[in-house]
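Spelled out from the first residue to the last, the chains are:
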Amino acid sequence: MPWIDACATDDIDSEDLIRFDHDGRTFAIYRSPDDEFYCTDGLCTHEQVHLADGLVMEYEIECPKHNATFDYRTGEARRAPACVNLNIYRVKTEGGRVLIEV
Amino acid sequence: MPRRDYSMLGPDATRAIETGLLAAQWYHTDIPRNQMKDLMRRDDGPAIRDTIILFGAMVALAGTGVALWPSLWSLPVWLAYGVLYGSAMDSRWHECSHGTAFKTRWMNDVIYQIASFCMVRNPHTWRWSHARHHTDTIIVGRDPEIAIMRPPEFARLIANFFGVVDAWNGWVRMLYNATGKLHPEEASYIPEAEQHKVIRVARIWVLIYGGVIALAVVAGSILPLMVIGLPRLYGAWHHVMTGLLQHGGLADNVIDHRLNSRTVYMNPVSRFIYWNMNYHVEHHMFPMVPYHRLPELHQAIKHDLPAPNRSIAQAFAEMWPALRRQLKNEDFFLKRDLPVTAKPYREDLHHAALGTAAE
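Residues numbered from 1 in each chain as written. Chains lettered and ligands numbered in written order. Predicted model: local features only at pLDDT ≥ 70, side-chain atom pairs only at ≥ 80, totals over all residues.

Digging into the overall build of chain A
And then number 1: Scanning chain A from terminus to terminus reveals 0 helices and 11 strands.
And then number 2: Each helix and strand of chain A, placed in order from N terminus to C terminus, yields the pattern β-β-β-β-β-β-β-β-β-β-β.
And then number 3: At 12 Å, chain A has a C-alpha radius of gyration in line with the 13 Å of a compact globule built from 102 residues.
And then number 4: In terms of its C-alpha atoms, chain A occupies a principal-axis envelope of roughly 40 × 30 × 20 Å.
And then number 5: When each of the 102 residues of chain A is scored for burial, the buried share is 39%.
And then number 6: Taking the intrachain contacts of chain A between residues at least 6 apart in sequence as the baseline, contacts between residues at least 24 apart amount to 38%. (Helix = DSSP H or I, 4+ residues; strand = E, 2+ residues; numbered from the N terminus. Rg over C-alpha atoms; globule rule 2.2 N^0.38 Å. Buried ≥ 20, exposed ≤ 12 C-beta atoms within 10 Å, placed from the backbone. Contact = placed C-beta atoms within 7 Å.)

As structure tokens, then:
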């Protein structure tokens, strides 16, 4: 799977996320409180609302529409109404850039 | 326009899909990400403070009511207790269902379970129904929580001020679920993997109510039921009063909360009981903002919202005549005027769904 240059590390605040669209797909890229980077599918598995407007709390992302939460490190659905896990993708940083493997 | 069919399985549900109301993007006022992150930030403090006040008052009032029973002097005490049990618990149920009241999850979950019991709303069923309410707010055939269906049934609305219809339905549904069954409409929005939880809670509640009723029989007094169960009836009026104002008389089948929801300025006591849900446009537009930050959210976006109603009385004076007009013409609704600073949104879709607003 190819590594895609998604954004600069500085584009994402600590404990926050951004939206990244690529090749007709949409992703969410996270920066954790300890400055690790993670990537999941961009849409909540409950009703396909984009997570980019959601709230990152430590290692969880909360959907902005129905407050479903996921562990963005593992994709695990932690709180209803989400019952299906998010897909996750490998992430690495090189020279101040965030690359995702999709 | 044919009469509305509010069934989740009826023709209006199909029509909502066909007209694009479900696939549509709801309107949101632009607000900078950093400001929104700050508004969404969770905090245990306000909800712990309010919960201590609420439960402390309930214990004190119930204790006083029991001590004064059966004197008439206990009446005002029960009325106050009832409002906390039968109305304040409605807002606690609501806010904790969103998971926004407390920062700590187990605190949200504990209060959610207690409040669900008090309001006779199965916590699992209603979590899903409320999610649907936020997905398809006041879209006929999709939203299972439309309080005022058109044409309005005034007898039902007034009876609900005493909890009669809703509480009765809650208890009947509890007994039905306790037999191991779900209503087909429930099954339409509760995932199969979650359905057993509905039944488990219903059975636990039946045991609790059975214990309270047995205690009342043994004691030869309704006093146990004055503490648990009956306050859902005699204390319901406040949450019905505020709840009807949320969407009553406004547009249905639109995808802009400014047109189908109502923000009302209220007195501090009602705001405590209602946990600031008087900022209802704001809540629907940004449901992740905790109740204690809604006044700030209101200040941040009010330039883009219709003018709020100035008081509960003024809001009822606006809504009640509109409901009366809907008796004769169920297509009548109050069209919200947006301020000149507001962005218009999807007039095309709204005209197709609504026709022209009655003046």
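On we go.
Some details on helix H10 (residues 195-219) of chain B
Residue and element names in this part refer to chain B.
And then number 1: Across its 25 residues, H10 extends 37 Å between first and last C-alpha, which sits within 8% of the 36 Å expected from 1.5 Å per residue.
And then number 2: All of the buried residues along H10 are Val 198, Val 201, Ala 202 and Trp 205.
And then number 3: Elements that come into contact with the buried residues of H10 comprise helix H5 (105-119), helix H6 (123-135) and helix H8 (164-178).
And then number 4: Once H10 ends, the next one or two residues include Gly 220, with phi positive near 65°. (Expected span 1.5 Å × (residues − 1).)

Digging into the interface of chain A and chain B
And then number 1: Facing the 12 residues of chain A at the interface are 16 residues of chain B.
And then number 2: Partitioning the side of chain A that touches chain B into residue classes produces 6 nonpolar, 2 polar and 4 charged. (Nonpolar A, V, L, I, M, F, W, Y, C, P; charged D, E, K, R; others polar.)

Examining the packing of H6(B) against H10(B)
Residues and elements named next belong to chain B.
And then number 1: Following both chains from N to C, one finds H6 and H10 inclined at 135°, their axes separated by 7 Å at the closest point. By the angle between their directions, the pair H6 and H10 is classed as oblique. Touching Pro 123, His 124 and Thr 125 of H6 are Lys 197, Val 198 and Val 201, all from H10.
And then number 2: When its residues are assigned to classes, the contact of H6 with H10 shows 3 nonpolar, 2 polar and 1 charged. (Axes fitted to C-alpha atoms, helices over the stretch in contact; angles between N-to-C directions. Parallel < 35°, antiparallel > 145°, perpendicular 65-115°, else oblique.)

Section: the sheet that holds strand S10 (residues 91-94) of chain A
Two pairing modes exist for strands in a sheet, parallel and antiparallel, and in both the strands are linked by backbone hydrogen bonds.
All names here are of chain A.
And then number 1: Taken together, the 3 strands give an open sheet; going across it, the order is S1-S11-S10, and neighbouring strands pair in antiparallel fashion. Whereas interior strands pair on both sides, the edge strands pair on one side only; in this sheet they are strand S1 (3-8) and S10. Averaged over all pairs of adjacent strands, the angle between strand axes in this sheet comes to 30°, irrespective of strand direction.
And then number 2: Where S10 lies against strand S11 (residues 97-101), 4 bridges are found, and the strand directions are antiparallel. If you follow Glu 94 over to S11, its bridge partner there is Arg 97. (Pairing = 2+ DSSP bridges.)

Here's the deal with the confidence of the model for chain B
And then number 1: Overall, the predicted model of chain B reaches an average pLDDT of 92, with 95% of residues at or above 70.
And then number 2: The ipTM, which scores confidence in the relative placement of chains, is 0.85 for this predicted complex, and the corresponding pTM is 0.90. (pLDDT = per-residue confidence, 0-100.)

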